[in-house]
Amino acid sequence: MTARTRNWLLLAPAGTWFLVMLVVPLTVVLIFSFGERGPAGGYVPALTLEQYANLPARWTAFKNTMVLAPVGTIAALLIAYPLAYFLAVKADPKWKTILLVLVIVPFWTSILIRSYAWIFLLGGRGIPELIDLFGIGKPRLINTPFAVLIGIIYGYLPLMVFPIFVSLDRLDKRLLEASSDLGATPARTFLQVTLPLSVPGVATGCLLVFILLMGEFLIPALLGGGKVFFVGNALVDLFLQSRNWAYGSAVAATLVFIMLISVTIYMRLISRLNTQREDVSLM
Amino acid sequence: MRLYALCVYLFLYIPIGVIALFSFNAGRHASQLQGLSTQWYGKALNNPFVMDALETSLIVALVSATLASLFGTMAAVGLQGIRGPMRATFDGLIYVAIMIPGIVIGIATLIALVTIFDFVNPGIAAMWPEGVEPPNLNMGMGSLIAAHTMFTMALVVIIVRARLSGMDATLTEASSDLYATPFGTFRQVTLPLIFPAILAGFLLSFTFSFDDFIIAFFVAGSETTLPIYVFSSIRRGVTPEINAIGTMVLAASLVLLVTAQILLRRGDKKK
């Protein structure tokens, strides 16, 4: 058996699996999105743009997703950065690994149960009752955009901390010493040395969180109470309730298309930022 | 700075702690602590719906993680010796599998499989001998396993490939210089070195499959996995029983994760 045949045989099962369970289904979605809804739901073959023309009917879901996904990403970044900085630069090396694992572990545990915890905390007998003790009245927290935002930050914070930590941890600490030896204040060192060097980590973290948020269903379903509707919620509605496969496929295809466009623009911006930085460092 | 870190850790762990605390609630109200007891654990473990869902989840997670580790590792090894368009295609597939939202994977699998089954089932029935009940392909355990395997296989390829590329290439060269067959080299040199990564990939795949809600929600057919059960119970209201199930699920994933971490780290040290 030649090396070539061997490699092909090794790749065959995974390749077939990807073909049947990934390529074929995604192609079906694309084809169905140009079709029509059957009388009892499902799909009737056709070649029409009708489904795409109907997209504005779900505008709210797209709007919520396109607002709350970037806002959630930035909020998670703002909270994650100082923590990642602390872990990479300030924390006692003895505790570093444990502290890092403590951040990552929640990400790999059920997001369903972690979101459920917030129904509990934000619900009538949770935090609102605590706030009531101060005599400012009982605010309504659950089923609001605020609750969804909390859920998003809570769910995706670990995913944001990790890549930023990695980029800060790799950073040559002598650069920081050099900067302060040359008379830079700590703030200036941070702005001119640490922050630019952590851009790759920040970029990766934001990308990961943004991608996952674009397809989010559970957090708005549990914490938004049907009032904060994401594209994911619209998709569940269209496929499992109204069984409108053609229209649902168009919504799904549009979601993936928006993701591709925003990720491409984002990558361009990041690579431009990186080349600019190199120009500066050359001077 | 320290205070800030402490606050973030509290933010991360208080909700989990609250769930765990209330799972020991003696009262029947979800949000009023009335003494401690383990009755809700007993109730959860004696609930046939919970146990059925748990069984389905365990079978699906075990089978899909096994298949994903096996085929994913094979692909990672095969990809090492391949360049050109085939490799680019594979890299693209892995990228797509990871990047496409789970919900889109779920609906795509649902409509594709249902369409294929509707098409194939009459054919099978026609070919089947008279008097014997023909098999009816349907959404269920099989489609769940197939969908989870697809996604977790991509994870395994990434993890194992990272370990393979960190491996010292001279070791395999030395082995073949010493007249080991390619399979002998793989079994005696490569496999022991990448084994921690494979095991870590298996554990992560298992955890992913066990915790997955959104793909399963679409492709499970009439089957109920534990996350689907929990989701529909939450919809009906918050109960101490869900707290008990949640605590058990979190504890189980915690054990698996720590094991995966230790394995990956041990592999790093060996390297």
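For the structure itself, consult the block above.
Cut-offs used in this document
- Residues numbered from 1 in each chain as written.
- Chains lettered and ligands numbered in written order.
- Predicted model: local features only at pLDDT ≥ 70, side-chain atom pairs only at ≥ 80, totals over all residues.
- Heavy atoms only, no water.
- Helix = DSSP H or I, 4+ residues; strand = E, 2+ residues; numbered from the N terminus.
- Rg over C-alpha atoms; globule rule 2.2 N^0.38 Å.
- Buried < 20%, exposed > 50% of the residue type's maximum accessible area, 1.4 Å probe, protein only.
- Areas by Shrake-Rupley, 256 points an atom, 1.4 Å probe, with all protein chains shown as cover.
- Lys, Arg positive; Asp, Glu negative; His and termini not counted.
- Charge placed at Lys NZ, Arg CZ, Asp CG, Glu CD.
- Salt bridge = Lys/Arg side-chain N within 4 Å of Asp/Glu carboxyl O.
- Patch = residues over 30% accessible without salt bridge, like charges linked within 9 Å, V, L, I, M, F, W, Y side chains within 5 Å.
- Contact = heavy atoms within 4.5 Å.
- Expected span 1.5 Å × (residues − 1).
- Bend = angle between axes of the 7 residues up to and from the residue.
- Axes fitted to C-alpha atoms, helices over the stretch in contact; angles between N-to-C directions.
- Parallel < 35°, antiparallel > 145°, perpendicular 65-115°, else oblique.
- Left-handed = near helix turned anticlockwise from the far one by under 90°.
- Nonpolar A, V, L, I, M, F, W, Y, C, P; charged D, E, K, R; others polar.
- Core = buried A, V, L, I, M, F, W, Y, C linked by side-chain atoms within 4.5 Å.
- Phe/Tyr/Trp six-rings, centres within 6.5 Å; stacked < 30°, edge-to-face > 60°.
- Lys NZ or Arg CZ within 6 Å of the ring centre and 35° of its normal.
- Buried area = accessible area lost by both parts, 1.4 Å probe.
- Polar contact = N/O pair within 3.5 Å; in protein donor to acceptor, adjacent residues only side chain to side chain.

**Student:** It is not clear to me how the overall build of chain A should be interpreted in this structure. Could you clarify?
**Tutor:** The number of helices and strands found in chain A is 13 helices and zero strands. Walking chain A from its N terminus toward its C terminus, one meets helices and strands in the order α-α-α-α-α-α-α-α-α-α-α-α-α. On C-alpha atoms alone, chain A measures out to a radius of gyration of 24 Å, which is more than a quarter above the 19 Å that the 2.2 N^0.38 rule sets for 283 residues. Taking the principal axes of its C-alpha atoms as reference, chain A extends roughly 75 × 75 × 40 Å. Looking at chain A as a whole, 52% of its 283 residues qualify as buried. With the model as given, the accessible surface of chain A reaches about 13,700 Å², and the carbon-plus-sulfur share is 69%. Taken as two groups, the 21 positive and 13 negative side-chain charges of chain A have centres that lie 4 Å from each other.

**Student:** I keep staring at the pattern of salt bridges and nothing clicks. Help me out?
**Tutor:** Charged atoms that come close allow side chains of opposite charge to pair. Taken as a whole and judged by the stated rule, the model has five salt bridges over all chains. Where Asp237(A) meets Arg58(A), a salt bridge forms, and the shortest distance between an N and an O atom there is 3.3 Å. Of the two residues, Asp237(A) is situated in helix H12 (residues 231-241) and Arg58(A) in the loop between helix H2 (50-53) and helix H3 (59-90); the sequence distance between them amounts to 179 residues. Residue classification places Asp237(A) among the partly exposed residues on the basis of a relative accessible area of 23%. Within the structure, one salt-bridge network assembled from shared partners comprises Arg87(B), Asp91(B) and Arg161(B).

**Student:** Can you help me understand unusual backbone geometry in this one?
**Tutor:** With the exception of glycine, the majority of residues adopt a negative phi angle, and the majority of peptide bonds are in the trans configuration. One non-glycine residue, Arg243(A), lies in positive phi territory at about 45 degrees. Mapped onto the secondary structure, Arg243(A) falls in the loop between H12 and helix H13 (245-282). Arg243(A) sits in the partly exposed class, given a relative accessible area of 38%. Here Tyr179(B), not a glycine, exhibits a phi torsion of approximately 70 degrees, which is positive. Within the secondary structure, Tyr179(B) sits in the loop between helix H7 (169-177) and helix H8 (182-211).

**Student:** What exactly am I supposed to notice about a nonpolar patch on the surface here?
**Tutor:** A cluster of nonpolar residues, Leu19(A), Val20(A), Val23(A), Val24(A) and Ile116(B), forms a patch on the protein surface that exposes about 350 Å² of accessible area. Per-element accounting of the nonpolar patch gives the leading share, four residues, to helix H1 (residues 3-32) of chain A. Residue placement: Val24(A) occurs in helix H1. For Val24(A), a relative accessible area of 32% corresponds to the partly exposed category.

**Student:** What am I meant to see in the side chain of Ser249(A) here?
**Tutor:** Here Ser249(A) lies in helix H13. Discounting residues that sit within four places of it in the chain, Ser249(A) has contacts with Val29(A), Phe32(A), Ser33(A), Phe239(A) and Ile111(B).

**Student:** Just checking my understanding: could you explain helix H5 (residues 102-127) of chain B for this structure?
**Tutor:** Since the α-helix packs 3.6 residues into each turn, any two residues three or four apart lie on the same face. The first and last C-alpha atoms of H5(B) sit 36 Å apart over 26 residues, in line with the 38 Å expected at 1.5 Å per residue. A bend of about 25 degrees at Val120(B) is the largest found in H5(B), and the proline Pro122(B) appears one to four places after it.

**Student:** Looking at this structure, I do not really get helix H10 (residues 226-236) of chain B. What am I missing?
**Tutor:** Judged by how many residues are buried, H10(B) sits mostly within the fold: eight of 11 residues are covered. If you check which residues of H10(B) are buried, you get Leu226(B), Pro227(B), Ile228(B), Tyr229(B), Val230(B), Phe231(B), Ser233(B) and Ile234(B).

**Student:** Sorry if this is basic, but what is going on with the environment of Pro106(A) here?
**Tutor:** As for its position among the elements, Pro106(A) is in the loop between helix H4 (93-104) and helix H5 (111-122). Expressed as a C-alpha distance, the spacing of Pro106(A) and Leu159(A), which sit 53 residues apart in the sequence, is 9.6 Å.

**Student:** Can you walk me through the packing of H3(A) against helix H7 (residues 145-170) of chain A in this structure?
**Tutor:** The angle between the axes and the distance between the axes are what describe a pair of packed helices. Residues and elements named next belong to chain A. Remark: H3 packs on H7, axes separated minimally by 6 Å, with the N-to-C direction vectors making an angle of 45 degrees. Our classification of the angle between H3 and H7 gives oblique. In this structure, the crossing between H3 and H7 has a hand that is right-handed. Considering only residue class, the contact of H3 with H7 consists of 23 nonpolar, two polar and one charged.

**Student:** Any chance you could explain the nonpolar core here in plain terms?
**Tutor:** Nonpolar side chains in soluble globular proteins tend to be buried together. Grouped together as the largest cluster of nonpolar side chains are 164 residues, with contacts concentrated most on Phe18(A), Leu87(A), Phe217(A), Leu235(A) and Phe218(B). In this view, Leu235(A) contacts Gly248(A), Val251(A), Ala252(A), Leu255(A), Ile103(B) and Ile107(B); residues no more than four positions away in its chain are not counted.

**Student:** What is the right way to read the packing of aromatic side chains from this model?
**Tutor:** Each aromatic ring pair is specified by the distance between its two centres and by the angle formed by the two planes. Counted by the stated rule, this structure contains 22 aromatic pairs over all chains. Taken together, the ring pairs connect Phe217(A), Phe213(B), Phe217(B), Phe218(B) and Phe231(B) into an aromatic cluster. The positively charged end of Lys43(B) is found above the aromatic ring belonging to Trp40(B), 4.6 Å away from the centroid.

**Student:** Please explain the packing of helix H3 (residues 48-80) of chain B against helix H4 (residues 85-99) of chain B as it appears in this structure.
**Tutor:** All names here are of chain B. Two elements in contact, H3 and H4, have axes separated by 11 Å at closest approach and are oriented at 145 degrees. Every pair of crossing elements has a handedness; the one defined by H3 and H4 is left-handed. Across the interface between the two elements, Ala75, Leu79 and Gln80 from H3 touch Arg87, Phe90 and Ile94 from H4.

**Student:** Would you mind going over the interface of chain A and chain B with me for this structure?
**Tutor:** When the parts of a complex come together, some accessible area is lost, and that lost area is often used as the size of the interface. Listed as interface residues are 74 residues of chain A and, on the opposing side, 82 residues of chain B. When chain A packs against chain B, the two sides together hide about 6,900 Å² of surface, and 86% of this comes from carbon and sulfur. Its largest share of buried area at the contact with chain B, chain A owes to Trp17(A), Phe18(A) and Trp108(A), together 12% of the area lost on that side. The interface formed by chain A and chain B holds zero salt bridges in total. The tally of links from chain A across to chain B stands at eight residue pairs in polar contact (both at pLDDT 80 or more).

So far we have only geometry, and geometry alone does not tell us how the molecule works.
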